[in-house]
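If you want the building blocks of each chain, they are given just below.
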Amino acid sequence: VLTAAWQAYGQLGFDGRGTHTLHWLPLSHVFGRIGLYLDWIAGSVGHYARGVEHLPDDLALARPHVLFAVPQVLKRLRARIESGVNARPRMARIAFASLRRLAVGANAVAPIAARLALQAFVRRRVFAAVHAPLGRRLAVVVVGGAPVDAGDKRYFESLGVAVREGFGMTETAGVAAVQPLRARS
């Protein structure tokens with residue numbers, strides 16, 4: 001399993017020093033364990049979510065740069081964000097939708113290095129209010145356990161959060177492949 005984590009770390013390609021991670025998966029799940037080992041290998045600080053009902057509080061407390069989760073967590077976070085946006089005045093909703101469309105277009109054509117820089121800018125400046133409940137630093141969500149909905153992936157990337165999928169099975173003792181952070185998704 002440690003070898004699988006080392007390979008996943010090499011494939012993902014992020015520097016974990018000073019990075020905080022939040023793990024939503026239990027350690028009984030190999031993907032959850034791989035995330036723990038990635039923290040050890042990368043030198044990042046790992047935090048563990050108490051459960052889906054506590055995820056918003058855990059995000060605010062841990063202030064993660066990286067979230068390890070299943071695709072359903074993206075759906076829940078998206079619904080929470082959209083609920084907050086829909087509670088805003090009409091002009092704020094229009095501005096949010098327009099800025100998201102602009103970010104989706106930029107993400108579609110930008111080279112990967114420019115895309116990661118754009119996501120950082122979008123995260124810090126354009127959608128700072130959206131990122132406040134996510135801990136203000138969430139830059140990457142690594143998902144596994146099921147395929148990610150393409151719409152959810154585009155949604156989060158338009159908000160400045162890279163979404164990377166890991167593939168493997170508990171029965172095979174770990175991650176078979178993970179999308180590199182610096183690769184087009």
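Residues numbered from 1 in each chain as written. Predicted model: local features only at pLDDT ≥ 70, side-chain atom pairs only at ≥ 80, totals over all residues. Heavy atoms only, no water.

Novice: Describe in detail the overall build of the protein chain, supporting the description with residues and values.
Specialist: The number of helices and strands found in the protein chain is 8 helices and 6 strands. Along the protein chain, helices (α) and strands (β) appear in the sequence α-β-α-β-α-β-α-α-α-α-β-α-β-β when read from the amino end. Against the globule reference of 16 Å for 185 residues, the protein chain gives a C-alpha radius of gyration of 16 Å, in line with a compact fold. Along the first, second and third principal axes, the C-alpha atoms of the protein chain reach 50 × 35 × 30 Å. Counting across all 185 residues of the protein chain, residues that qualify as buried make up 45%. (Helix = DSSP H or I, 4+ residues; strand = E, 2+ residues; numbered from the N terminus. Rg over C-alpha atoms; globule rule 2.2 N^0.38 Å. Buried < 20%, exposed > 50% of the residue type's maximum accessible area, 1.4 Å probe, protein only.)

Novice: Tell me about the pattern of salt bridges, and name the residues and values.
Specialist: Any two side chains of opposite charge can pair, given that their charged atoms come close. As enumerated under the stated definition, the model contains 6 salt bridges in all. Taking the shortest distance from any N to any O, the salt bridge between Asp152 and Lys75 comes out at 2.8 Å. Of this pair, Asp152 sits in helix H8 (residues 150-158) while Lys75 sits in helix H4 (residues 71-86); the two residues are 77 residues apart in sequence, bridging distant segments of the chain. A salt bridge links Arg78 to Asp152, with the nearest nitrogen and oxygen atoms 2.8 Å apart. On the criterion of sequence distance, the pair formed by Arg78 in helix H4 and Asp152 in helix H8 is long-range, its members being 74 residues apart. (Salt bridge = Lys/Arg side-chain N within 4 Å of Asp/Glu carboxyl O.)

Novice: Tell me about the pairing of strand S1 (residues 20-23), and name the residues and values.
Specialist: A two-sided burial pattern is seen for S1, the buried positions comprising His20 and Leu22 on one face and Thr21 and His23 on the other. For the handedness criterion, the β-α-β arrangement of S1, helix H2 (residues 30-42) and strand S2 (residues 45-48) is classed as right-handed. When S1 meets strand S3 (residues 66-69), the two strands line up parallel, connected through 3 bridges. Paired with His23 across the bridge in S3 is Phe68. (Right-handed = clockwise from strand over helix to strand, strands pointing away. Pairing = 2+ DSSP bridges.)

Novice: Describe the environment of Arg78, and please don't skip the residues or the numbers.
Specialist: On the basis of relative accessibility, which here comes to 22%, the residue Arg78 falls in the partly exposed class. Distance in space between the C-alpha atoms of Arg78 and Tyr48 is 20 Å, their sequence separation being 30 residues. For Arg78, the contacting residues outside a window of four places in its chain are Gly151, Asp152, Tyr155 and Phe156. (Contact = heavy atoms within 4.5 Å.)

Novice: An account of the packing of aromatic side chains is requested, with residue identities and associated values reported.
Specialist: Overall, the coordinates contain 4 aromatic pairs when judged by the stated rule. Between Phe96 and Phe127 the ring centres are 5.3 Å apart and the planes differ by 70 degrees, which places this aromatic pair in the edge-to-face class. Taken as a pair, Phe96 in helix H5 (residues 90-109) and Phe127 in the loop between helix H6 (112-126) and helix H7 (128-131) lie far apart in primary sequence, 31 residues in all. Each member of the pair, Phe96 as well as Phe127, carries the same accessibility label: buried. Seen in terms of ring centroids, Tyr155 and Phe156 are 5.5 Å apart; in terms of plane orientation they differ by 75 degrees. Their pairing is edge-to-face. (Phe/Tyr/Trp six-rings, centres within 6.5 Å; stacked < 30°, edge-to-face > 60°.)

Novice: Go over the packing of H5 against H8 with me, naming the residues and quoting the values.
Specialist: Two numbers describe how H5 lies on H8: the axes approach to 8 Å, and their chain directions differ by 100 degrees. When the axes of H5 and H8 are compared, the pair comes out roughly perpendicular. In this structure, H5 uses Phe96, Arg100, Ala103, Val104 and Asn107 to contact H8, whose residues at the interface are Arg154, Tyr155, Glu157 and Ser158. Residues of the contact of H5 with H8, tallied by class, amount to 4 nonpolar, 2 polar and 3 charged. (Axes fitted to C-alpha atoms, helices over the stretch in contact; angles between N-to-C directions. Parallel < 35°, antiparallel > 145°, perpendicular 65-115°, else oblique. Nonpolar A, V, L, I, M, F, W, Y, C, P; charged D, E, K, R; others polar.)

What is shown is where atoms sit, not what they do.
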